[in-house]
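Residues per chain are reported as follows:
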Amino acid sequence: MKKFDKERVLLAVAGPVIALVAAVVLTSFVLLASGKSPIEPYTLMFEQAGFADVQVLIINQAGVYYLAALAVAVGFRMNLFNIGVDGQYRLAAMMTAVVGAHVSLPAALQIPFLMLIAVLTGAFWAGIAGVLKVTRGVSEVVATIMLNAIATSLIGYLTLTEVWGQPLGNNQTTGVMKESGWFPGFDMGDAGEIYGFTLIAVLAGILYWLVLNRTRFGFDLRATGASETAAAASGVDAKRMVLTAMLISGGMAGLAGLPILLGDAHTYSLSFPTGLGFTGITIALLGRNNPVGIAFAALLVAFLDKASPALDYATPVAYDKEIAVIMQGLIVIAVVVSYEAVRVWGLRRQQRRVGAELAAAAANDNSKKEVAAR
């Protein structure tokens, strides 16, 4: 491997590693400050990861997180901050559940049809922010935050009994979906079932890499994200790319709720998970928008989520499972700080290397002049 390639890999890995180490150290200080062991919680969580049922839960959760993080990453590559993934995914899941409960097609058609509904709903909701940005210059951050709140209220209205809702005890649901729309999973015996939609998440990651790195569209997307002015000079329509990126990001977000909806819940209710989009931001940052890095980050955060409940039942001293939440928050802060530190470090190394090469070239030129003078 060339020296330049080694340095590039080092810089890519250094940020996440520094962030994780910093998060662990800071969390350990929090534990020490509360008078508890800074080591035992990690030991307990790693022990939980050895159980087959917890492993299934981690894989299932990681697949959901992976899709949400890819949606965020698409925006990041375009220098867009799509905060609205949470609202986009919940609205898409609700609309998919409603359609799945009222439309019955053969499974070979029903599942792709439901996926299309989810993608179109998510893309439509994100597209509103995209249109506002390219036509009125409204920040996508502000627009998507507001759209999250609107999505919550809209879902609350559409799930009323007089609209599409069906009461189930103290919960409000959209009704059970037709079985032809249930996505088959992988039976792991007593450990449970791995969502079959996890395979779709893997394929989405591969498609994400191929499109961004092996197509003209991906190049235009990355170029516009790096510099709209430079991209425009090369003939790229920056506004069109912004809108397209928001549509793709929203469409990907629409898929994020389907592993749970099609593989487990088979209905949308008030207990459907929330906050998924914000977790996706953490994972996309930690994975540096790289599909492989995002996969490892999704597994890490899923591990923290699914192994931490055991801390409540630890003996003789119980630990609050919120320790995992603290660690996730610290990871976000550490990621931002470490990436900036690594960027500055890499820039300085590059400047020193260029300086050394220029000095060597100047010395070589002087030597040639001396030889010629003799």
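Before reading on, note that the structure itself is shown above.
Cut-offs and rules
Residues numbered from 1 in each chain as written. Predicted model: local features only at pLDDT ≥ 70, side-chain atom pairs only at ≥ 80, totals over all residues. Heavy atoms only, no water. Helix = DSSP H or I, 4+ residues; strand = E, 2+ residues; numbered from the N terminus. Buried < 20%, exposed > 50% of the residue type's maximum accessible area, 1.4 Å probe, protein only. Contact = heavy atoms within 4.5 Å. Phe/Tyr/Trp six-rings, centres within 6.5 Å; stacked < 30°, edge-to-face > 60°. Core = buried A, V, L, I, M, F, W, Y, C linked by side-chain atoms within 4.5 Å. Expected span 1.5 Å × (residues − 1).

Trainee: Teacher, can you tell me more about the environment of glycine 254 here?
Mentor: If you trace the backbone, glycine 254 turns up in helix α10 (residues 238-255). For glycine 254, a relative accessible area of 0% corresponds to the buried category. Ignoring anything within four residues of it in the chain, the contact list for glycine 254 reads Tyr89, Ala92, Ala118 and Gly122.

Trainee: Quick question: what am I supposed to make of the packing of aromatic side chains here?
Mentor: Two measures describe an aromatic ring pair: the distance that separates the ring centres and the angle between the ring planes. Counted by the stated rule, this structure contains six aromatic pairs. A ring pair is formed by phenylalanine 124 and tryptophan 125, whose centres lie 6.3 Å apart and whose planes are at 50°; its orientation type is tilted. Given the relative accessible area of 56%, phenylalanine 124 is considered exposed. With relative accessibility at 8%, the residue tryptophan 125 sits in the buried group. Centre to centre, the rings of phenylalanine 183 and phenylalanine 197 are 5.3 Å apart; their planes meet at 75°, and the pair counts as edge-to-face.

Trainee: It is not clear to me how the environment of tyrosine 208 should be interpreted in this structure. Could you clarify?
Mentor: Inspection of the secondary structure assignment puts tyrosine 208 in helix α7 (residues 197-214). Considering only alpha carbons, one finds tyrosine 208 and glycine 218, 10 residues apart in sequence, at a separation of 9.1 Å. Leave out the neighbours within four places in its chain, and tyrosine 208 touches Leu70, Ala73, Val74, Arg77, Asn289 and Pro291.

Trainee: What is the right way to read the nonpolar core from this model?
Mentor: What tends to happen in soluble globular proteins is that the nonpolar side chains get buried as a cluster. One finds Leu67, Phe197, Leu258, Leu262 and Ile283 to be the most contacted residues of the largest nonpolar core, which totals 95 residues. Tallying contributions element by element places helix α3 (residues 52-77) first for this core, with 15 residues. Leaving out residues up to four positions away in the same chain, leucine 262 has contacts with Leu114, Met177, Gly181, Trp182, Phe183 and Phe197.

Trainee: Just to check I follow, could you spell out α3 for this structure?
Mentor: Each α-helix turn comprises 3.6 residues. Residues three or four places apart therefore point the same way. With 26 residues, α3 should cover 38 Å at 1.5 Å per step; its first-to-last C-alpha distance of 36 Å lies within 8% of that length. Among the 26 residues in α3, 20 count as buried, and that is most of the element. One or two positions beyond α3, positive phi appears at asparagine 79, with a value near 65°.

Purely spatial values, then, with no claim about function.
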